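Fold and geometry: a report
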Amino acid sequence: MLEIKNLHVKAEGKEILKGIDLTVNTGEVHAIMGPNGSGKSTLARALSGHPEYEVTAGTVTFDGKDLLDMDPDERAREGVFMAFQYPVEIAGVNNAYFLKAALNAKRKHLGLSELDAMEFMALVKGKSKVLEMDQSFLSRGVNEGFSGGEKKRNEIFQMALLEPRLAILDETDSGLDIDALKLVAAGVNAMRSPDRSFVVVTHYQRLLNYIVPDVVHVLSNGRIVKSGGKELALELEARGYGWIEAA
Amino acid sequence: MTQLIEKAPPFGTVLEKRPPVGPRWFEDLRGRAAARFAQLGVPTVRDEEWRFTNVSPIAAAEFALAGPISGAADRLAELAYADASVRLVIVNGRFDGTLSRTKLLPAGARAGSLAAALTEHADVVQRYFGQVADFSQRAFAALNTALVQDGAFLHIADGTIVEEPIHIVYVTGADGSRVMAHPRALVVAGAGSQVRIVESYIGATSDAYFTNAVSEIFVGENASVDHYKVQQESFDAFHVGSVHVHTARSASFASHSFSLGGRLVRNDAFAILDGEGGDCTLNGLYLSDRDRLVDNHTTIDHAKAHCGSHEVYKGILGGTSRAVFNGKIIVRQDAQKTDAKQTNRALLLTDGATINTKPQLEIFADDVKCTHGAAIGQLDDDAIFYLRTRGLNYAESRDMLIHAFAGEILNRVRIEPLRDALEAELFEQLARDLAEVDARNSTASQAPR
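The shown structure was predicted, so the numbers you read here are calculated from the model rather than taken from an experiment.

1. Regarding the overall build of chain B
Assigned secondary structure in chain B consists of 10 helices and 21 strands. Since a compact globule built from 449 residues should have a radius of gyration of about 22 Å, the 22 Å found for chain B is in line with a globular shape. C-alpha extents for chain B along the principal axes are approximately 70 × 65 × 50 Å. In chain B, 82% of the contacts between residues at least 6 apart in sequence involve partners at least 24 apart.

2. Focus on the environment of Arg290 of chain B
Mapped onto the elements of the fold, Arg290 of chain B is located in the loop between strand S15 (279–288) and strand S16 (293–302). Among residues more than four places away in sequence, those in contact with Arg290 of chain B are Gly319 and Ser321 of chain B.

3. Comments concerning the sheet that holds strand S11 (residues 224–232) of chain B
Strands belonging to one sheet form pairs held by backbone hydrogen bonds; the direction of such a pair is parallel or antiparallel. Residue and element names in this part refer to chain B. Read across the open sheet, the 10 strands follow the order S3-S2-S6-S9-S11-S13-S15-S17-S19-S21; overall the sheet is mixed. The sheet is open, and its two edges are formed by strand S3 (94–95) and strand S21 (369–377), each paired on a single side. Note that strand S6 (residues 166–172) and strand S9 (residues 194–203) share seven bridges and pair parallel. Along S9, the bridge assignment pairs Val169 with Ser200. In the packing of helix H9 (residues 394–410) onto the sheet, contacts are made with strand S13 (252–259), S15, strand S17 (308–317) and strand S19 (339–348), and the angle to S17 comes to roughly 145°. The strands touched by helix H10 (residues 416–443) are S9, S11, S13, S15 and S17; relative to S15, the strand with the most contacts, the crossing angle is about 30°.

4. Considering the sheet that holds strand S3 (residues 29–33) of chain A
Residues and elements named next belong to chain A. Strand order in the open sheet made by the six strands is S6-S9-S10-S3-S11-S12, with mixed pairing throughout. Each edge of the sheet is formed by a strand with only one pairing partner; in this case those strands are strand S6 (80–83) and strand S12 (223–228). Ignoring which end each strand starts from, the neighbouring axes of this sheet average 20° apart. Here S6 runs beside strand S9 (residues 166–170); their pairing, made up of four bridges, is parallel. Note on S9: the bridge partner recorded for Phe81 is Ala167.

What counts and what doesn't
- Every chain begins its residue count from 1, and numbering advances along the sequence as written.
- Whichever chain is written first is A, and whichever ligand is written first is 1; the rest continue in order.
- Only residues with pLDDT of at least 70 are given local features in this predicted model, and only at 80 or more are side-chain atom pairs given and counted; all residues enter the totals for whole chains, interfaces and linings.
- Where helices and strands are cited, they refer to DSSP runs of H or I of at least four residues and of E of at least two residues respectively, numbered from the N terminus.
- The size measure is the radius of gyration over C-alpha atoms, and the globule rule it meets is 2.2 Å times the number of residues to the 0.38 power.
- The contact criterion used is a C-beta to C-beta distance within 7 Å, with each C-beta placed from the backbone.
- At least two DSSP bridges between two strands are needed for those strands to be called paired.
- All axes here are fitted lines through C-alpha atoms, helices being fitted over the stretch that makes contact, and every angle between N-to-C directions spans 0 to 180 degrees.

See the structure below:
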């Protein structure tokens, strides 16, 4: 589903990704781990089309299409979803209004009919149960006054609503206590399917106890230096990142 | 030999030739106002209150007093908000009985021509007219008082609750000539009464004209007045409008000012909280674009204790336009336990737009709470990016943020059809400004957004 070849990405004039090769097949969950500064979030943001990240070389194909050639909103409508590490607060933009607009933008793109208010609310009700989202959040501004945990749950909730083909989770576990972590993981696991792929960027192994990956990659200094099965994550937890960088 | 040509005093002929309108006391007042205007003259940019707003083009244009016109009915038919069951229409400063509708006024409410009220409600008019619109330092208020011929009169008797909003529409202008009008409103809300009033200002022509409006609103003890000013003058028109408010004990007053039109606009809102426990809200939303100028000045005078005031003014600027916001809060010595809050925010859509903003706090009491804040900026790029990653394109994301910005003020409009009409008009005008921004961005060959 996702093929990244020799991807080089620059941010603030500095080259962060120095040739990433990564293939994610449909239905797989890939974990990207690595020490701080290794380029994990850069990879996630470059895939989402963030304007401050400049691709200087390489290609990214999504379902056979050139992802890098698409605007961020096009990528979203094509089925790429990014759960942000630091979701932005947008006061005054009503959650329900925004979500319905986003969902309908995607449906329109897929040639489906748009949902009306009632259909939308029914859909929301179903999806918010798993994440234990209080219905009152719908009438608030996007992430307005949300705690860190609530923001992350809101990201996963949006993912559940938008049903992407590829979900990129950028350090979704950072700043969460164990209860919030379990809820977020439950939300992600409920979305696992043979038609959907996940790229889970995380610094800590703990999340991967709950969202069990098929493949684990370790990023170091802008390159993937090691790939393996889920045991690799446990090995990193036991031994730290130092031994990888030494290799 | 050089000859010094004495510049004719502004509006000199018009003031000299003004026809008498009412009883002796009224004419005396007008005479004093005329004399005062002659002393003050038209403000210049050397006046602190007019530092960023050059109104010399108004005097230079030599507007003549407007006479009656036909065609006002057509303009009324175009009004986006036309729902009010009670409507007073003032054409070029004169009350128009045929275009007005007052049948559905509840008992206890009187609405109609101010000129007629000079005789029909002489006691009320004499008691209140000119009592809060102080023209000793305000030239345009002096000019209006000197030249006033008619206007709107609204008296709500003690205890009367007026359920339906009352709409006062001021139509100004005349095709093919440069005219001015000085419309006046006198609103007296008796003790314990309640009323919602909408004042709309529109043009009868796309030619240039000058509206110099003064409204006085007296809010009686424990009364509640919800006021809306909708300024949608023609884009070549000059509008100088002031609302002067006096609140009594436990009175509640809210004014929401929307400025979408006009070439050079100056809105003044003065509120004197003259009774304990009063509450005053002044909100504003304005759009300044092209090469227009919109200046909002507010003054809230906490003259008595335990009053609360809240101000939120928001502006959207495009083109090479300018805006001015100056919010003055005065807290008198005996006004203990004052709670005053003022916020003003401006959203700049273009690099060429400018806003000058200044809060002014004059606090003479020692047990008060006064906060003020100003923020000027552009659309939040992070917010736009976030919305785009959810599938909304750039224009949709931008629209959503601007809706959120304007929504804070629009959502406080307690008359649903008015709120909808204002939203529609604002965004229609904005669409043109945004298209201009997009065109400029694409010709500057930036990376595709």
